[in-house]
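Chains, contacts and geometry: an overview
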Amino acid sequence: MSDVVSLLAQIEDTGRDTRGPGYQRAGFSNTERELRDWFLAEAARRGLDTEVDDNGITWAWATAPGDNAVVTGSHLDSVPGGGAFDGPLGVASALAAFDELKTSGALERAKRPLALAVFPEEEGSRFGVACLGSRLITGAIEADRALGLTDANGDTFADVARGYGLDPNRIGTDKARLEKVGSFIELHVEQGIGLINTDQAVAIGSSIIGHGRWHFAFSGQGNHAGTTPMSHRADPVVAASRVIGDIPTLAAATDASAVATVGRTLIHPGGTNVIASGMSFWVDIRHADDAVVKQVLEAISQRAREHAEGAGVEVSISQESYSPTTYFTAELNSRLTSVLPDAPLLPSGAGHDAGILAPHVPSAMLYVRNPTGVSHAPEEACEDDDQRAGVSALVKVLEGELEVAS
Ligand SMILES: [Zn+2]
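Quick caveat: nothing in here was measured; it's all calculated off a predicted structure.

1. A closer look at the overall build of the chain
- Helix and strand counts for the chain stand at 13 helices and 15 strands.
- For a compact globule of 406 residues, the expected C-alpha radius of gyration is about 22 Å, and the chain comes in at 22 Å, within 12% of that figure.
- Dimensions of the chain, computed from C-alpha atoms along their principal axes, come out at roughly 80 × 45 × 40 Å.
- Looking at the chain as a whole, 55% of its 406 residues qualify as buried.
- Taking the intrachain contacts of the chain between residues at least 6 apart in sequence as the baseline, contacts between residues at least 24 apart amount to 78%.
- Within the structure as shown, the chain displays about 16,900 Å² of accessible surface, and the carbon and sulfur contribution to it stands at 50%.
- Within the chain, the 55 negative side-chain charges are centred at a point lying 2 Å from the centre of the 31 positive side-chain charges.

What follows is the structure, given as structure tokens:
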């Protein structure tokens, strides 16, 4: 069949950003569906039974479906302007690993079922909640709340899901399906500099540091940019921008390793000659210690209230998602370490479906070296040889898992 490099080449033109380098592969978009159809076709070509479950998660059974399954996979959506590897590397590697396991006869010897999985809307770039598919199946987000989420066009997730072929009434926690997963292993491109200066192409995930997203909405008085004196303005853009400007200092003052980012703002109504009536920003805060995340949020919230008062506007703050620091399953990780003794253990500042699944099913991650250390941007990279090394590592891990009887 095809190796991981040529598998990724098959989708290298799908969802290319027409406005610049990188990709636009939003969750539950036509592009994500096109990528999912590519995966379904590749799985079918290999003779795998495929299904899309009630939450839009795609499963391809390499053996007869059954309990205590070994599952590997990742996601195919991207952040706006994202790179080629975040997500698709794990999916292509799963297909390539299946090919190797089949050729080597490991599948015939397997004591457990094997399935490949693709999770939808992992980045949360459309509906604001990352890992939407894995949150839904595990119940980490309530179905009602998810169905009411809206995208930038004002379309609800309920409507978009319906258009994607899902039944909104069936979306939500699926314990029966989750219980069939005996272990989940997600291979992913490394999203930082963790492996750059090592002679190792692959690392084992130790934890995913706590992270959350909060929405700050400032509202003031929309008005004429020419006739309203500066002293008579209630301009939400002024208040929100001051807060954004203060965030680096507030995060650093709380803890040197805390990170806080505003990567998205929205000004309403957004006219050059109009004093805005509203401005929103979304802040992403991460730290290994959950208490530090709370402290950074509190510092930013306090500053937001001060600047809102100073500018004569209102501010409301709401949490969109929060995931405390997740440690991958110790027993599973020790099995990974025994088959990959040279692989370093790496914590991740990035969230993943494996992190959402970890409290429910034994989960682990493999990271493949990224020579630029850049991710969520077109410069994200992964050498061909490292991609193949990632598949070899995944094959070793899956072989081991398939032989564990319980
Ligand atoms: Zn990812």
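Still to come is the rest of the account.
2. Some thoughts on the environment of A44
- Here A44 is to be found in helix 2 (residues 30-45).
- Distance from A44 to W61, taken between C-alpha atoms, is 9.9 Å for residues 17 residues apart in sequence.

3. Regarding the environment of N273
- Locating N273 in the fold gives a position in the loop between strand 9 (259-268) and strand 10 (274-275).
- Among residues more than four places away in sequence, those in contact with N273 are H224 and A225.

4. Observations concerning empty space enclosed by the protein
- All told, the structure shown has three cavities of 30 Å³ or more when counted by the stated rule.
- Taken as a whole, the largest cavity holds about 60 Å³ of empty space.
- Listing elements by their share of the lining of the largest cavity, those giving two or more residues are helix 2 and strand 4 (114-119).
- Across the lining of the largest cavity, the residue classes tally to five nonpolar, two polar and two charged.

5. Structural notes on the domain arrangement of the chain
- On domain assignment, one finds that the chain holds domain 1 (4-209 + 325-403) and domain 2 (211-323).
- The distance between the C-alpha centroids of domain 1 and domain 2 comes to 33 Å.
- Contact with domain 1, which involves 14 residues of that partner, is made by twelve residues of domain 2.
- Interface area, domain 1 with domain 2, both sides summed: about 980 Å², of which 35% is carbon and sulfur.
- Scanning the region where domain 1 abuts domain 2 turns up zero salt bridges.
- Connecting domain 1 to domain 2 are eight residue pairs in polar contact (both at pLDDT 80 or more).
- For the side of domain 1 that touches domain 2, the class distribution of residues is six nonpolar, five polar and three charged.

6. Considering unusual backbone geometry
- For the bond running from H268 to P269, omega is 0°, close enough to zero to count as cis.
- By the element assignment, P269 lies in the loop between strand 9 and strand 10.
- One non-glycine residue with positive phi stands out, namely F28, at about 55°.
- Residue placement: F28 occurs in the loop between helix 1 (4-10) and helix 2.
- Accessibility expressed as a relative area gives 4% for F28, which makes it buried.
- At E121, a residue that is not glycine, the phi angle is positive and equals roughly 50°.
- Relative accessible area serves as the criterion here: at 0%, E121 is assigned to the buried category.

7. Here we look at helix 10 (residues 290-311)
- Here helix 10 spans 32 Å end to end across 22 residues, near enough to the 32 Å set by a 1.5 Å rise per residue.
- Restricting attention to buried positions, one finds in helix 10 the residues V292, V293, V296, L297, I300, S301, A304, H307, A308 and A311.
- Looking at the buried positions of helix 10, the neighbouring elements they touch are strand 7 (210-219), helix 9 (236-254), strand 9, strand 11 (278-287) and strand 12 (314-323).
- N-cap assignment for helix 10: the residue whose side-chain oxygen lies 2.9 Å from the backbone N of A291 is D289.
- Positive phi appears at G312, one or two residues downstream of helix 10, with a value of about 70°.

Criteria and thresholds
Residues numbered from 1 in each chain as written. Predicted model: local features only at pLDDT ≥ 70, side-chain atom pairs only at ≥ 80, totals over all residues. Heavy atoms only, no water. Helix = DSSP H or I, 4+ residues; strand = E, 2+ residues; numbered from the N terminus. Rg over C-alpha atoms; globule rule 2.2 N^0.38 Å. Buried < 20%, exposed > 50% of the residue type's maximum accessible area, 1.4 Å probe, protein only. Contact = heavy atoms within 4.5 Å. Areas by Shrake-Rupley, 256 points an atom, 1.4 Å probe, with all protein chains shown as cover. Lys, Arg positive; Asp, Glu negative; His and termini not counted. Charge placed at Lys NZ, Arg CZ, Asp CG, Glu CD. 1 Å grid on protein atoms, 1.4 Å probe; cavity = no way out; pocket = protein on both sides within 12 Å on 5 of 7 lines; lining within 4 Å. Points joined across faces, edges and corners; volume = space filled by probe spheres on them. Nonpolar A, V, L, I, M, F, W, Y, C, P; charged D, E, K, R; others polar. Domains from an automatic or database assignment. Buried area = accessible area lost by both parts, 1.4 Å probe. Salt bridge = Lys/Arg side-chain N within 4 Å of Asp/Glu carboxyl O. Polar contact = N/O pair within 3.5 Å; in protein donor to acceptor, adjacent residues only side chain to side chain. Expected span 1.5 Å × (residues − 1).

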